[in-house]
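Descriptive structure summary
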Amino acid sequence: MSNLVRTLAGPLKTPKYAFRKQSLKGCSLLVALPKVKTQYVPPMKRIQARNFCHSRIVQGNELLDNLKRIQSLEREVEEVDVCIVGAGPAGLGAAIRIKQQAAKSGREIRVIVLEKAAEPGNHSVSGAVIQPTALDELLPDWKNEPPRHCTPVSSDIMRFLVPGMQLPMPVPPIMKNHGNYIMSLAELTKWLAAKAEELDVELYPSFAASEVLYNQDGSVRGVATNDFGVDSKGLQKDNFERGMAFHAPITLFAEGARGSLSKTVIQRFNLQKDCEPQTYGLGIKEVWRVPDENFRYGETAHTLGWPLRSDTYGGGFMYQFGDNYVSVGLVVGLDYPNPYVSPVAEFQRMKQNPFYAKVLKGGTRLEYAARSLNEGGYQSIPKLVFPGGALIGCSAGFLNVPKIKGTHTAMKSGMVAADAIVEAFNTGDTGKPLTINTYEENLKNSFVFKELYSVRNVRPSFHAFPFLRNYGGMIYSALESYVLKGKVPWTFSHKKGDDVVTASASSYKPINYPKPDNVLSFDIPTSVALSGTMHAENQPCHLFDRRPNDRQEAYRKYKGVESRFCPAGVYEYVDDETLPTGKRFVINSQNCVHCKTCDIKDPLQGIDWKTPQGGDGPKQTLT
């Protein structure tokens, strides 16, 4: 079947989409199709991200009962050969590779890719400096027609920051970027989507996979997309459309870090039983356009130290690419103990240091984004395969933390999974759910596991010497980079998950962050507005608090940590004299930038992040 989202002037070259109903082999579904010479018109009134209104209070039991009634309705079913959840580098890399390998063996394999964003790339966030290892293998001629703004790295610098100053540092060998490219991950993803379409991969943006479907024997049968046109009470609106079910012998989960469906299958199949807890970081990023006199084409810069404290892992980056674009950001390890830390406030403060300020002053801030990232590395990789499915990319966690790169490992994992799938189809083993064990075996023999094993001790070393705090990790990392190079008989451990390390607020003093100056630093509502975030009004909240009755005690202990770890102002405690603490916990879900931090860092582990209506969320183009 030809791709329903092919544009008139070539794959994905029309950036504006309108929602239309279309027939898919006799099934009624909602797809995103290009609309020529018109402005984008959303299917309903949407609420702007900058509007901070308190979420409507809906009785949980009423909502759940109404949603259960909808769940009982019949779905249309589409049978496919391979279903991929997530149109990021891993998912698209897998789709392209399947089509390439199938063509070589003379087979027709139907591949669909479901993407919750309105367009491929809208939810893609990274630094991003791309190591082209996997890209060279997948598309050897990619440099002849590269993604937009692709910039070869020209130089690397590193600094240790102190208030008002910068100290030069040597660039560790693993962080040198000769031969790598600065790109927008959003642009790379859009480019990969076009390449996939050229091979007749069926790509469906605005299709938010919200449920894993299972066979009677417990194997994965496929996924279902969420329902369209459901109000905040779980009742059907006039534009209601039941979600679709996609059945396949094999489903690849490529949702990125802390994917909602990936988390479900990890728990159901106990995929983490033989690995250590995953640990995460939060990356906060802006894209600026700066004057010519400030711009240094192709330069990558990384910083350590200020403004982060010695018990908080993280560092800053600044990449200069394209037409005077600068990506500036801060990554903060979510295993920080101080509940008064606000990663987004630390990022805004970091830009005041002269090292960053001299580049950004006089520039224009264009976009804002935030996303969680895997930091557990080799020790935290779960079992990758299970009956009917597999984890690829950051759903599994292949980020090389000291190298600050994961796109090449994510893509490679998708490609190795694709090879295993085509091999299974070639043997005729397609009438039942597939368990592609050769994927896991072959990936362990690839550069992915070798690379992650060699740096396995760097990230956990920052907690291996508690009396030295981060300085012990810096010393060990330098020793690892220049001398040991991973060839040691020991392996440090990640002892705890990020949710349990948060200490009581009584152990710390509140942090008085400076007010934004609206020149280099900005408040959260203004920043979220630059992410293009929109969510359809009057729909079920996609952030579900399973422990609302425990929030009062949580406030007593952590003094509103939820309002500080979120980079989008989704969570807040508002005055309410009727409650014991005088504070009421409020979720402003319309501001969510889909970073997943709440699902990770909430000390109660009561917040479940679910996919909102397809097409909702950020609309990023340069991140």
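Conventions and cut-offs
- Residues numbered from 1 in each chain as written.
- Predicted model: local features only at pLDDT ≥ 70, side-chain atom pairs only at ≥ 80, totals over all residues.
- Heavy atoms only, no water.
- Axes fitted to C-alpha atoms, helices over the stretch in contact; angles between N-to-C directions.
- Helix = DSSP H or I, 4+ residues; strand = E, 2+ residues; numbered from the N terminus.
- Parallel < 35°, antiparallel > 145°, perpendicular 65-115°, else oblique.
- Left-handed = near helix turned anticlockwise from the far one by under 90°.
- Contact = heavy atoms within 4.5 Å.
- Nonpolar A, V, L, I, M, F, W, Y, C, P; charged D, E, K, R; others polar.
- Domains from an automatic or database assignment.
- Buried area = accessible area lost by both parts, 1.4 Å probe.
- Salt bridge = Lys/Arg side-chain N within 4 Å of Asp/Glu carboxyl O.
- Core = buried A, V, L, I, M, F, W, Y, C linked by side-chain atoms within 4.5 Å.
- Buried < 20%, exposed > 50% of the residue type's maximum accessible area, 1.4 Å probe, protein only.
- Phe/Tyr/Trp six-rings, centres within 6.5 Å; stacked < 30°, edge-to-face > 60°.
- Lys NZ or Arg CZ within 6 Å of the ring centre and 35° of its normal.
- Pairing = 2+ DSSP bridges.
- Patch = residues over 30% accessible without salt bridge, like charges linked within 9 Å, V, L, I, M, F, W, Y side chains within 5 Å.
- Areas by Shrake-Rupley, 256 points an atom, 1.4 Å probe, with all protein chains shown as cover.
- Expected span 1.5 Å × (residues − 1).
- Polar contact = N/O pair within 3.5 Å; in protein donor to acceptor, adjacent residues only side chain to side chain.

Here the focus is the packing of helix H8 (residues 407-426) against helix H9 (residues 437-444). Here H8 crosses H9 at 140°, and the two axes come no closer than 8 Å. Here H9 runs oblique to H8, going by the angle between their axes. In this structure, the crossing between H8 and H9 has a hand that is right-handed. On the side of H8, the interface is formed by Lys-412, Ser-413, Val-416, Ala-417, Ala-420 and Glu-423, while H9 contributes Thr-438, Tyr-439, Asn-442 and Leu-443. Along the lines of polarity and charge, the residues of the contact of H8 with H9 split into 5 nonpolar, 3 polar and 2 charged.

Per the domain assignment, the segments making up the protein are domain 1 (76-149 + 184-276 + 375-456) and domain 2 (522-609). Just the C-alpha atoms count here: the centres of domain 1 and domain 2 sit 29 Å apart. With 11 residues of domain 1 at the interface, the matching set in domain 2 holds 11 residues. Carbon and sulfur atoms supply 43% of the area that domain 1 and domain 2 bury against each other, a total of about 860 Å² over both sides. If you look at where domain 1 meets domain 2, you find 3 salt bridges. Between Asp-599 and Lys-263 there is a salt bridge whose closest N-O contact spans 2.9 Å. The residue makeup of the side of domain 1 that touches domain 2, split by class, is 2 nonpolar, 4 polar and 5 charged.

For the rest of this paragraph, the subject is the nonpolar core. Leu-252, Phe-398, Ile-436 and Tyr-439 are the most contacted members of the largest nonpolar core, which totals 80 residues. In terms of residues, this core owes the most to one element, H8, which gives 11 residues. For Ile-436, the residues in contact, after removing those within four places along its chain, are Ile-250, Leu-252, Val-385, Ala-390, Ala-417, Ala-420 and Ile-421. Leu-282, Val-328, Ala-345 and Val-593 belong to the second-largest nonpolar core, a separate cluster that totals 56 residues.

What follows is about the side chain of Asn-122. Within the secondary structure, Asn-122 is located in the loop between strand S6 (111-115) and strand S7 (129-130). Classification of Asn-122 by relative accessible area gives buried; the value is 7%. Setting aside anything within four residues of it in sequence, one finds Asn-122 in contact with Ala-117, Pro-618, Lys-619 and Gln-620.

Note on aromatic pairs: each is described by the distance of the centres and the angle between the planes. If you walk through the whole model with that rule in mind, you get 22 aromatic pairs. Joined through ring pairs, the aromatic side chains of Tyr-555, Phe-565, Tyr-571, Tyr-573 and Phe-585 make up one cluster. Its end group placed over the ring of Tyr-214, Arg-268 keeps NZ or CZ at 3.6 Å from the ring centre. The positively charged end of Arg-459 is found above the aromatic ring belonging to Tyr-313, 3.8 Å away from the centroid.

Quick look at the packing of helix H2 (residues 89-104) against helix H4 (residues 185-198) now. Running from N to C, H2 and H4 point in directions that differ by 20°, and their axes come no closer than 10 Å. With respect to each other, H2 and H4 are oriented roughly parallel. As for how H2 packs across H4, the hand of that crossing is left-handed. In this structure, H2 uses Pro-89, Leu-92 and Ile-96 to contact H4, whose residues at the interface are Leu-185, Thr-189, Leu-192, Ala-193, Lys-195 and Ala-196. Here the contact of H2 with H4 is composed, by residue class, of 7 nonpolar, 1 polar and 1 charged.

Taken in spatial order, the 4 strands of this open sheet run S4-S17-S14-S13, and their pairing is mixed. Every other strand in the sheet has two partners, leaving strand S4 (77-79) and strand S13 (209-214) as the edge strands with one partner each. Averaged over all adjacent pairs, the angle separating strand axes in this sheet is 25°, with direction ignored. Both S4 and strand S17 (residues 245-247) contribute to a ladder of 3 bridges, which runs parallel.

Taken together, 6 strands build an open sheet; the order of strands is S12-S6-S5-S18-S25-S24 and the sheet is mixed. Bordering the open sheet on either side are strand S12 (202-205) and strand S24 (385-386), each of which pairs with just one other strand. Examined bridge by bridge, S6 and S12 share 4 bridges and lie parallel to one another. Across the sheet, residue Leu-114 finds its bridge partner in S12, namely Tyr-204.

The subject of this paragraph is a nonpolar patch on the surface. A cluster of nonpolar residues, Phe-467, Leu-468, Tyr-471 and Ile-475, forms a patch on the protein surface that exposes about 460 Å² of accessible area. Summarising the element assignment, Ile-475 is placed in helix H11 (residues 470-484).

A few words on H4. Taking 1.5 Å as the rise per residue, H4 with 14 residues should run 20 Å; its terminal C-alpha atoms sit 20 Å apart, in good agreement. Within H4, 12 of the 14 residues are buried, which leaves it mostly tucked inside the rest of the structure. Those residues of H4 lying buried are Leu-185, Ala-186, Glu-187, Leu-188, Thr-189, Trp-191, Leu-192, Ala-193, Ala-194, Lys-195, Ala-196 and Glu-197. Looking at the packing, one finds that the buried side of H4 touches H2, S7, helix H3 (133-138), S12 and H8. You can read the cap of H4 off the contacts: a side-chain oxygen lies 3.3 Å from the backbone nitrogen of Ala-186, and it is on Ser-184. Positioned one or two residues after H4, Asp-200 has a phi angle of 70°, which is positive.

This next bit is on unusual backbone geometry. Gly-127 connects to Ala-128 through a cis peptide bond whose omega is 0°. Structurally, Ala-128 can be placed in the loop between S6 and S7. A cis amide bond links Trp-306 to the next residue, Pro-307, at an omega of 10°. Notably, Ser-206 is not glycine yet its phi reads approximately 70°, a positive angle. Along the polypeptide, Ser-206 turns up in the loop between S12 and S13. The exposure class of Ser-206 is buried, given its relative accessible area of 11%.

What follows concerns the pattern of salt bridges. One pass over the full model with this rule turns up 31 salt bridges. A salt bridge links Glu-137 to Lys-412, with the nearest nitrogen and oxygen atoms 3.0 Å apart. Of this pair, Glu-137 sits in helix H3 while Lys-412 sits in helix H8, and the two are 275 residues apart along the sequence. Given the relative accessible area of 12%, Lys-412 is considered buried. Within the structure, one salt-bridge network assembled from shared partners comprises Arg-258, Lys-263, Arg-546, Asp-599 and Asp-608.

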